[in-house]
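A closer look at the structure
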Amino acid sequence: MASQQLITLLKEVRHCRLCEDQLPLGPNPVVRAAKSARLLIVGQAPGTRVHATGTPWNDPSGDRLREWLAMDRETFYDESHIAIIPMGFCYPGRGKGGDLPPRPECAPAWHGKLLEQLPNLQLTLLIGQYAQRYYLPHWYGSITENVRHFRDALPSGYLPLPHPSPRNTLWLRQRPWFEEEVVPELRRRVKKALR
């Protein structure tokens, strides 16, 4: 259930035009939250499919993320339990190697205000380098090392993950310890957080 303050804040976020001139497809901030949410997913920024549908993680990356979580779409999109706040709320455009980084204006402008309205959070998943650089108390020098040391972040309420993009299939294949060690603990921690 969202409070009136949070409802008002989410309307403000969805009408944000801070970096409108920098967005190739125009603004379409994608965010989901309710005061009762116990799990927060902080990703990078919407891709073109998410931009078009307005539904976060509505793409192959989201399919893999839900597989890691052992979670169906209905549960994943129940904002009364799960908040989804990316580092950049709008599609940032395309670069040489894929989508551009999240716009830098979003997190400083909105994250603090949104988190103030989410008092019930038990666990925050930090997906990819931008979320990890912004939130992790300690940066281990790479995504691989952040994820390898995921237990160090748990006391702060964070769990760092690689991006579930199909582009990271090789990364995952080369690091079997992720599926063997991190995914089971991720599932256990998420289940506990959502109780």
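This text gives an overview of the structure that appears in the document. Computed from a predicted model, the values in this text were never measured in an experiment. (Residues numbered from 1 in each chain as written. Predicted model: local features only at pLDDT ≥ 70, side-chain atom pairs only at ≥ 80, totals over all residues. Heavy atoms only, no water.)

Another point: the overall build of the chain. Counting its regular elements, the chain contains 10 helices and six strands. In terms of C-alpha radius of gyration, the chain reaches 16 Å, essentially the compact-globule figure of 16 Å for 195 residues. In terms of overall dimensions, the chain has a C-alpha envelope of 40 × 40 × 30 Å along the principal axes. Buried residues in the chain amount to 50% of all 195 residues. Taking all contacts inside the chain whose residues are at least 6 apart in sequence as the whole, residues at least 24 apart take part in 71%. Taken as a whole, the chain presents about 9,700 Å² of accessible surface, with 48% of it coming from carbon and sulfur. Here the chain carries 26 positive and 19 negative side-chain charges, and the mean point of each set is 1 Å from the other. (Helix = DSSP H or I, 4+ residues; strand = E, 2+ residues; numbered from the N terminus. Rg over C-alpha atoms; globule rule 2.2 N^0.38 Å. Buried < 20%, exposed > 50% of the residue type's maximum accessible area, 1.4 Å probe, protein only. Contact = heavy atoms within 4.5 Å. Areas by Shrake-Rupley, 256 points an atom, 1.4 Å probe, with all protein chains shown as cover. Lys, Arg positive; Asp, Glu negative; His and termini not counted. Charge placed at Lys NZ, Arg CZ, Asp CG, Glu CD.)

Quick look at the nonpolar core now. If you look at the biggest cluster of nonpolar residues, it comprises 29 residues, and the most contacted ones within it are Ile 41, Phe 76, Leu 125, Leu 159 and Phe 178. Counting residues per element, the ones that place at least two in this core are strand S1 (39-42), helix H3 (60-69), strand S2 (82-84), strand S5 (123-127), helix H7 (143-148), strand S6 (158-161), helix H9 (169-174) and helix H10 (176-193). With seven residues, H10 is the largest single contributor of residues to this core. Beyond its immediate chain neighbours, meaning those up to four positions away, Phe 76 contacts Ile 41, Pro 56, Trp 57, Leu 65, Arg 66, Leu 69, Met 71, Ile 82 and Ile 84. (Core = buried A, V, L, I, M, F, W, Y, C linked by side-chain atoms within 4.5 Å.)

A few words on the packing of H3 against H10. Relative orientation of the contacting elements H3 and H10 amounts to 75°, with a least axis distance of 8 Å. One element, H3, and the other, H10, form an angle in the roughly perpendicular class. Contacts between H3 and H10 involve Glu 67, Trp 68 and Leu 69 from the first element and Phe 178, Glu 179, Val 183, Leu 186, Arg 187 and Val 190 from the second. (Axes fitted to C-alpha atoms, helices over the stretch in contact; angles between N-to-C directions. Parallel < 35°, antiparallel > 145°, perpendicular 65-115°, else oblique.)

Note on strand geometry: in a regular strand, side chains alternate between the two faces of the sheet. The side-chain alternation of S6 yields two buried faces, one formed by Tyr 158 and Pro 160 and the other by Leu 159 and Leu 161. Looking at chain direction, S5 and S6 are connected through four bridges and run parallel. Looking across to S6, one finds that Ile 127 is bridged to Leu 161. (Pairing = 2+ DSSP bridges.)

On to the environment of Pro 24. Position of Pro 24 among the secondary structure elements: in the loop between helix H1 (4-14) and S1. Once the C-alpha coordinates of Pro 24 and Gly 93 are considered, the two residues, 69 residues apart in sequence, prove to be 5.8 Å apart. Ignoring any residue separated from it by four or fewer positions in sequence, one finds Pro 24 in contact with Tyr 91, Pro 92 and Gly 93.

Pairing between the strands of a sheet is mediated by backbone hydrogen bonds and can be parallel or antiparallel. Here we have four strands laid out as an open sheet, ordered S2-S1-S5-S6, and parallel in their pairing. The open sheet has two edge strands, S2 and S6, and neither has a second partner. Neighbour to neighbour, the strand axes of the sheet diverge by 20° on average, direction disregarded. Two strands pair when backbone bridges link them, and S1 and S2 are joined in this way by three bridges, in the parallel orientation.

Now for the pairing of S1. Neither face of S1 is left uncovered, since the one carrying Leu 39 and Ile 41 and the one carrying Leu 40 and Val 42 both have all their residues buried. Where S1 meets S5, four bridges bridge the pair, whose relative direction is parallel. Bridge assignment links Leu 39 to a residue of S5, and that residue is Leu 123.

As a further point, take H10. Over its 18 residues, H10 runs 25 Å from end to end, which matches the ideal 26 Å to within 8%, given 1.5 Å per residue. The principal kink in H10, of about 35°, is found at Val 182, preceding the proline Pro 184 by one to four residues. Turning to H10, its buried residues are Trp 177, Phe 178, Val 182, Val 183, Glu 185, Leu 186, Val 190 and Ala 193. (Expected span 1.5 Å × (residues − 1). Bend = angle between axes of the 7 residues up to and from the residue.)

What follows deals with the packing of H1 against helix H5 (residues 106-116). At a closest axis distance of 10 Å, the pairing of H1 and H5 adopts a crossing angle of 165°. Considering their axes alone, H1 and H5 lie roughly antiparallel with respect to each other. As H1 runs across H5, the sense of the crossing is left-handed. Residues Leu 6, Leu 9, Leu 10, Glu 12 and Val 13 of H1 pack against Trp 110, Lys 113 and Leu 114 of H5. (Left-handed = near helix turned anticlockwise from the far one by under 90°.)

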